[in-house]
Amino acid sequence: MPEDLRRTFKRQGYVLLKGVLSAAEVAAIRARMPADFAKLTRKPKQYMQARECLEVPEVYRLMAHPRIVAACKEIFGDELVYVNDLVVQRNVLPPTEITPHLDCQAEYRFLEDRSHLLNPDFLFAKVGIYLQDNTPENGGGIDIFERGHRFMGNGVFFRYQIYKRILRPLMARRMKRMETKAGDVLIFDSRLPHRPTFAAALSSAERKDGQVAVPEELAKYTIYWEVTKAGDEKPFVTTMMARAKKEEMKRPPDTYRPRCSYLGLVYPDDYPADLVEALREHNVTMFSLGREEADSWTRAATGQEAAR
C-alpha cells in the first residue's frame, strides 16, 4: 500500500509531485516571463516579489492548483495556511558549489524561543514549482541533504553554530540533486538542508544585474511560497518582521524588499478576486496583517517610512 504523503514528508523531509503542470502550461508561463521581468525597475532583477506576482494570473493561480492543494492538505491537515511570500526566481545560479542552508535558519538569529524547530510535529514548508529540468550541466533546481531535517528533531542542530561551522561543510559533500523535471512540484521542510544545484556548464557565464546572462531557452524559473498548518506560521512571520526591520530597512528604496512587500498585503482586499474565490473553495487560509499595520509595511517597501 503506498505511503501517505504526510508520513513521506515527515520521514524524508520532502514530497515530490511529478508532472503537476503540463508542457503547454510550463511553456505559457515561461513565454511571458521575459516581459514581466523587464518591467522591474529595482535591483537585483532576479526576483519577482509577491505584489508583482499577483499581477500575473499564470503564476498566482498556481496557489489554488487542485493537485497542489490536495497534497498540502494531506501533509498539513485541513486547516491549511499559506504565507504569501510568493516569488518567481530567475537565473538564481551560484558561480560555484555552495554549502547548504536551512529556510528556518533566520529563526535562530531572531527568535529567543526556538523550541518549535525541535518538535517533530511542527510542520512548515516551502512549495517550489520548477519550469525546467534540473541537470548537472545547467542546474534548474535544488540539491538536498536526505533526511537532514531529522537532525533538528533529535537535537543535533540545537545550537545553530554547530550546524553552521561543522555539519554544513560536511553535508556539502553528500548532497543529492533532486531530479525534478519542468512542471514538477517539490514541497520541502523548512529544516531540510538544501542549496541551488550548481550549473557546471554556466559557471563562467557573464553575470548582469545579479543573475547569469544565458539564452532565454536556458533561463531558470522557479516559483516559491510557504505553506503550513494553522498556528505554525507564527514563528516564521515574527522572524520575517524582525528581519525586515533589521536588514531591509538598510537597503536603498529601489532595491529588493520582499518581506516588506508581502507583509503589506491584506487578504482578501489586495488579492485578485479569482484567487480569493479559488482559495475559499479549497478552504485555504492566507496569512494577513490588519490594514493599518500592513500599510506601514507597504510604505516601508517603497522607502516612504520605516515600519512600525
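Located above this text is the structure these notes cover.
Here we summarise the structure given alongside this text. (Residues numbered from 1 in each chain as written. Predicted model: local features only at pLDDT ≥ 70, side-chain atom pairs only at ≥ 80, totals over all residues. Heavy atoms only, no water.)

The next point concerns the nonpolar core. Membership of the largest hydrophobic core comes to 72 residues, with the highest contact counts inside it found for F76, Y82, L86, I187 and W225. For this core, the element with the most residues is helix α5 (residues 66–76), which contributes six residues. Setting aside residues no more than four positions away along its own chain, F76 makes contact with R6, F9, L123, F124, A125, I187, V227, T228 and K229. Counting residues in each nonpolar core, the second largest holds 12 residues, with Y14, Y130, F188 and Y256 among its members. (Core = buried A, V, L, I, M, F, W, Y, C linked by side-chain atoms within 4.5 Å. Buried < 20%, exposed > 50% of the residue type's maximum accessible area, 1.4 Å probe, protein only. Helix = DSSP H or I, 4+ residues; strand = E, 2+ residues; numbered from the N terminus. Contact = heavy atoms within 4.5 Å.)

What follows deals with the packing of aromatic side chains. Applying the stated criterion across every chain, the model contains eight aromatic pairs. With a centroid separation of 5.6 Å and 65 degrees between ring planes, the pair formed by F9 and F76 is classed as edge-to-face. Of this pair, F9 sits in helix α1 (residues 5–12) while F76 sits in helix α5, and the two are 67 residues apart along the sequence. Grouping residues by exposure puts F9 and F76 together as buried. Members of the aromatic cluster, each reached through a chain of ring pairs, are F122, F124 and F236. Above the plane of the ring of Y224 lies K126, whose end atom (NZ or CZ) is 5.3 Å from the centre. (Phe/Tyr/Trp six-rings, centres within 6.5 Å; stacked < 30°, edge-to-face > 60°. Lys NZ or Arg CZ within 6 Å of the ring centre and 35° of its normal.)

Time to look at the packing of α1 against α5. The geometry of α1 relative to α5 is characterised by a closest axis approach of 7 Å and an angle of 70 degrees between their N-to-C directions. Compared by their axis directions, α1 and α5 come out roughly perpendicular. Considering the relative orientation of α1 and α5, their crossing is right-handed. Counting all contacts with α1, which are made through L5, R6 and F9, the residues of α5 involved are A71, E74, I75 and F76. The residue makeup of the contact of α1 with α5, split by class, is five nonpolar, no polar and two charged. (Axes fitted to C-alpha atoms, helices over the stretch in contact; angles between N-to-C directions. Parallel < 35°, antiparallel > 145°, perpendicular 65-115°, else oblique. Left-handed = near helix turned anticlockwise from the far one by under 90°. Nonpolar A, V, L, I, M, F, W, Y, C, P; charged D, E, K, R; others polar.)

Bringing the pattern of salt bridges into the picture now. Counted by the stated rule, this structure contains 18 salt bridges. The shortest N-O distance in the salt bridge between R32 and E58 comes to 2.8 Å. Residue R32 is located in helix α2 (residues 23–38), and its partner E58 is located in helix α4 (residues 57–60); the two are separated by 26 residues in the primary sequence. Between E179 and R177 there is a salt bridge, with the nearest N and O atoms lying 3.8 Å from each other. Through salt bridges with shared partners, one network takes in R32, D36, K39 and E58. (Salt bridge = Lys/Arg side-chain N within 4 Å of Asp/Glu carboxyl O.)

It is worth spelling out helix α12 (residues 291–301) at this point. Of all the positions in α12, only A294, S296, W297, A300 and A301 are classed as buried. Projected down its long axis, α12 shows its buried positions confined to an angular sector of 155 degrees, all on one face. (Arc of directions from axis to C-beta.)

A few words on the pairing of strand β3 (residues 80–90). Taking burial as the measure, the 11 residues of β3 include 10 buried ones, the bulk of the element. Sheet topology places strand β2 (residues 47–48) next to β3; two bridges connect them, and they run antiparallel. Residue Y47 lies in a different strand from β3, and its bridge partner there is Q89. Across three bridges, β3 lies against strand β12 (residues 284–286) in parallel orientation. Residue pairing in the sheet places Y82 in a bridge with M286 of β12. (Pairing = 2+ DSSP bridges.)

Taken as a whole and judged by the stated rule, the model has one cavity of 30 Å³ or more. Considering only enclosed or pocket space, the largest cavity measures out at about 40 Å³ in volume. Among the secondary structure elements, those contributing two or more residues to the lining of the largest cavity are β3 and α10 (258–263). Split by residue class, the lining of the largest cavity holds seven nonpolar, two polar and no charged. (1 Å grid on protein atoms, 1.4 Å probe; cavity = no way out; pocket = protein on both sides within 12 Å on 5 of 7 lines; lining within 4 Å. Points joined across faces, edges and corners; volume = space filled by probe spheres on them.)

A volume near 1,000 Å³ is recorded for the largest pocket. Along the wall of the largest pocket there are 45 residues; nearest its centre are Y47, Q89, H101, D103 and K126. Considering every element that reaches the lining of the largest pocket, the biggest residue donor is strand β11 (residues 221–229), with five residues. Taken together, the residues of the lining of the largest pocket sort by class into 22 nonpolar, 12 polar and 11 charged. In this structure, the second largest pocket is lined by 18 residues; those nearest its centre are L40, R42, Q49, R51 and E52. If you list the elements that add at least two residues to the lining of the second largest pocket, you get α2, α3 (50–53) and α12.

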